Structure formats: C-alpha cells, structure tokens
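Examination of the molecular architecture
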Amino acid sequence: MGRAHEVRAASMAKTAAMKSSKYAKWGKEIFQAAKAGVPDPDMNQSLKRTIERAKKDQCPADVIKRAIAKAQGVASGASKEKVYEGYGPGNVAVIVECLTDNDNRTFTEVRTAFNKTGGTIGTSVSYMFNRKAQFVFNGLTEDEAMEALMASDCDFEDMSTDADGYVTIYAAPQEFEAIKNALLQAKPELEFEECSVDLIPTTYVDLDDDHKEKFTRLLGLLREFDDVSEIYHNANIDEE
C-alpha cells in the first residue's frame, strides 16, 4: 500500500495514543474528585466541575461513567484498593495501584505483565516516592497563581514555570482542594495539564533503547487491565 499508507497509519496511531493518554488523565481526575467526596456530581461541586471540563475536552461519556463507578465501588466496599511494588526493565521503580473485587486475579495479571518484560514484583520501592498534590497549567502566570493562593491562604511547597510557560505547583495532599479551588476562582476556565495527588519520584532513571522498549511494553500491558487505576514509576521517558 506504499509509504503514504504507512505515514497515515503512524499518524493515526500517534493520535490514538495521545487521545488515550488524555482520556486516562480525565478518568484519573474524575475518580479522585469522586473519591475525595460523594461520588455524585449533584452533591460534589469539585466532581461536577471536573466532569464539565472533561466534557468540554471531548472526553467520552463511558470514561466518565467508569471513573465514577470505580469511586462508587470503593465507597460501597464492593472494590478495595491494592498496591503492588517492584522493579521494571532497567531497574525502574514501579508502583501499581489497583481497584479490585478479586485479589488473586489482579495479582496474577500484574505479576504476568512484570514477568513478560523482565521485571520483578514484590520488592518495596515506595521509599523512592513522595505523595504530593500536583498542578500543571498554562493560563495563569506564576505571579497570578501566587496571588490567587495567597488570597485564599493556601500553602504550597514549590512553584515553577518551564520554557513553554507551564506553571507547576507541588503541595501537601491535604492542600489539593483548596489550591484547585483558588486557581479556578482566579480563572474559572483554567484547564489543567495535571491536577491530581500523585506519587512523585525523588530520583529518575535513564533507560537505553532496549530497556525503554521493554518498559514501554510493561506500561502497555498494565494499562490493558481494568483493575489498574494508576501506575507510578521513576523512568525518565516521554510516555506519549
């Protein structure tokens, strides 16, 4: 079919990967907002605002529904959180957070993904991460964000601006809602590149091409499992 077909196929694959990453980000934000309060947008204003922004970004309805259903499962006790730790290819520290109603099934799936890519599961690596509230956005300057946080008496640990003008804020997890609300009050239409409570690595690992390929495969396998809700790692790679 020729070179033109290959280029179109590669372009379509890249676009699909970017959409998948975007939808995963919205699913994560919706789940966290639902889990932090009541998993009902009519009773949880933070969840309602997050859903509205996700819809504006053309996030599919089924992604939104699945994220809320996961939070409802946790609230009702139907599902429970499980965390698995280990090392991926290239000695990358990996933490996999899951929501499951079947421990054996979930553990088997996660272990199989590690085994297929040369990783090992069962070694604690959590000491290499710190849990922090993280915000990344472009729409407010650092000075404007600082003014908004000070006006709302919000505490944060670090704020910086990169070469593309994106502002990054790190704070203690308990400051998440206060900071998010302060920023949205300053600019209601503000869209976040990241807006979540995450495990942030204290150090990062560089990978050669072989280990990068294997580690990317590990991430792909883990993301195929419905029980996996979040994956944290300290590999220095561009996942998109």
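Quick note: structure is the one above.
From a predicted model like this one, the values you see are computed outputs, not experimental measurements.

1. Description of unusual backbone geometry
- Phi is positive for glutamine 58, which is not a glycine, with a value near 65 degrees.
- Note on placement: glutamine 58 falls in the loop between helix H2 (45–56) and helix H3 (61–76).
- Backbone geometry at asparagine 91 places phi at a positive 65 degrees, although glycine is not the residue there.
- Within the element layout of this structure, asparagine 91 appears in the loop between strand E1 (80–88) and strand E2 (92–100).

2. Description of the sheet that holds strand E5 (residues 158–161)
- The four strands lie next to each other as E5-E6-E4-E7, forming an open sheet whose pairing is antiparallel. Either end of the sheet is taken by a strand with one partner, and the two such strands are E5 and strand E7 (192–201). The mean inter-strand angle of the sheet, taken between neighbouring strand axes irrespective of direction, is 20 degrees.
- Examined bridge by bridge, E5 and strand E6 (residues 167–171) share four bridges and lie antiparallel to one another. In the sheet register, serine 160 faces E6, and the bridge partner there is threonine 168.
- Relative to E5, helix H5 (residues 142–151) is tilted by about 155 degrees, and along the sheet it contacts strand E4 (129–137), E5 and E6.

3. Here's the deal with the pattern of salt bridges
- Evaluation of the coordinates by the stated rule reveals 10 salt bridges.
- The salt bridge partner of aspartate 103 is lysine 80, with a shortest N-O separation of 3.2 Å. Taken together, the positions of aspartate 103 in helix H4 (residues 103–116) and lysine 80 in strand E1 put the pair 23 residues apart, joining distant regions of the chain.
- By relative accessible area, which is 27% here, aspartate 103 ends up partly exposed.
- Linking aspartate 101 and arginine 105 is a salt bridge whose minimum nitrogen-to-oxygen distance equals 3.0 Å.
- Look at arginine 105 and you get partly exposed, because its relative accessible area is 33%.
- Put simply, Lys80, Lys82 and Asp103 are held in one network by salt bridges that share partners.

4. Remarks on the environment of glutamate 85
- As for its placement among the helices and strands, glutamate 85 is situated in strand E1.
- What glutamate 85 contacts, discounting residues up to four positions off in sequence, is Val94, Ile95, Ile121, Gly122, Thr123, Ser124, Val125 and Ser126.
- Here the side chain of glutamate 85 touches serine 124 through a polar contact of 3.3 Å, side chain to side chain.
- Within the structure, the side chain of glutamate 85 is placed 2.6 Å from the backbone nitrogen of valine 125, a separation counted as a polar contact.

5. Remarks on the packing of aromatic side chains
- Under the criterion given, the structure shown has four aromatic pairs.
- Arranged with centres 5.8 Å apart and planes meeting at 45 degrees, the rings of tyrosine 84 and phenylalanine 107 form a pair that is tilted. One end of the pair, tyrosine 84, is in strand E1; the other, phenylalanine 107, is in helix H4, with 23 residues separating them in the sequence.
- The class of tyrosine 84 is buried, set by a relative accessible area of 10%.
- The class for phenylalanine 107 is partly exposed, based on a relative accessible area of 32%.
- Note on phenylalanine 135 and phenylalanine 176: the rings are 5.4 Å apart at their centroids and 15 degrees apart in plane angle, and the pair reads as stacked. Here phenylalanine 135, found in strand E4, pairs with phenylalanine 176, found in helix H6 (residues 176–186); they are 41 residues apart in sequence, far enough to count as distant. With respect to burial, phenylalanine 135 and phenylalanine 176 carry one shared label: buried.
- Here the aromatic cluster, defined as three or more aromatic residues joined through ring pairs, consists of Phe135, Phe137, Phe176 and Phe192.

Quick notes on the rules
Residues numbered from 1 in each chain as written. Predicted model: local features only at pLDDT ≥ 70, side-chain atom pairs only at ≥ 80, totals over all residues. Heavy atoms only, no water. Helix = DSSP H or I, 4+ residues; strand = E, 2+ residues; numbered from the N terminus. Pairing = 2+ DSSP bridges. Axes fitted to C-alpha atoms, helices over the stretch in contact; angles between N-to-C directions. Contact = heavy atoms within 4.5 Å. Salt bridge = Lys/Arg side-chain N within 4 Å of Asp/Glu carboxyl O. Buried < 20%, exposed > 50% of the residue type's maximum accessible area, 1.4 Å probe, protein only. Polar contact = N/O pair within 3.5 Å; in protein donor to acceptor, adjacent residues only side chain to side chain. Phe/Tyr/Trp six-rings, centres within 6.5 Å; stacked < 30°, edge-to-face > 60°.

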